Amino acid sequence: MATAGKRKAAAPAASAEVTAAASQGAHATTLDEAEAIAPTHLVVRALTPGFRRAGRAWGVEEVTVPIGEFSDAQVEALLAEPELVVLPLVAAEEA
């Protein structure tokens, strides 16, 4: 079982072109930090099934959501919530 300090991003459901910023050593805990790495998606999972934040109920399975579906305040709330595991993702550049 993975611990909080040793998580790796799961294969995102949204697109194969989305890569975890965390895999490159980048991670964000605030909206300012998230904007600095220009995430395109958030991977979110709850520690408690059905936990609600940002107008959604989150399960224990990871869900990949385009960041544009959230307001800035919702992104900030998701990143700050200790009951959620949130990984900002960055779309890979097309060659």
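What counts and what doesn't
Residues numbered from 1 in each chain as written. Predicted model: local features only at pLDDT ≥ 70, side-chain atom pairs only at ≥ 80, totals over all residues. Heavy atoms only, no water. Buried < 20%, exposed > 50% of the residue type's maximum accessible area, 1.4 Å probe, protein only. Helix = DSSP H or I, 4+ residues; strand = E, 2+ residues; numbered from the N terminus. Arc of directions from axis to C-beta. Core = buried A, V, L, I, M, F, W, Y, C linked by side-chain atoms within 4.5 Å. Contact = heavy atoms within 4.5 Å. Pairing = 2+ DSSP bridges. Phe/Tyr/Trp six-rings, centres within 6.5 Å; stacked < 30°, edge-to-face > 60°.

Draft legend 1. Here's a closer look at helix H2 (residues 72–80). Among the residues of H2, Val-75, Leu-78 and Leu-79 are the ones counted as buried. One side of H2 holds all its buried residues, which, seen down the axis, span an arc of 95 degrees. Facing away from the buried side of H2 by more than 90 degrees, the exposed set consists of Ala-73 and Ala-80.

Draft legend 2. Quick look at the nonpolar core. Leu-42, Trp-58, Phe-70, Leu-78, Leu-84 and Val-86 are the most contacted members of the largest nonpolar core, which totals 14 residues. Put simply, the parts of the chain that give this core at least two residues each are strand E2 (41–46), H2 and strand E6 (84–91). In this view, Val-86 contacts Leu-42, Val-43, Val-44, Leu-78 and Leu-79; residues no more than four positions away in its chain are not counted.

Draft legend 3. Focus on the pairing of E6. Among the eight residues of E6, six are classified as buried, and the element is accordingly described as predominantly covered. Where E2 and E6 come together, six bridges link them in antiparallel fashion. The residue bridging Ala-46 from the neighbouring strand is Leu-84, located in E6.

Draft legend 4. How the structure looks around the packing of aromatic side chains. Enumeration according to the criterion identifies one aromatic pair in this entry. Each ring, one from Trp-58 and one from Phe-70, has its centre 6.3 Å from the other, and the planes form 40 degrees; the classification is tilted. Residue Trp-58 is found in strand E4 (residues 56–58), and its partner Phe-70 is found in the loop between strand E5 (63–66) and H2; the two are separated by twelve residues along the sequence. For the residue pair Trp-58 and Phe-70, the accessibility class agrees, reading buried in each case.

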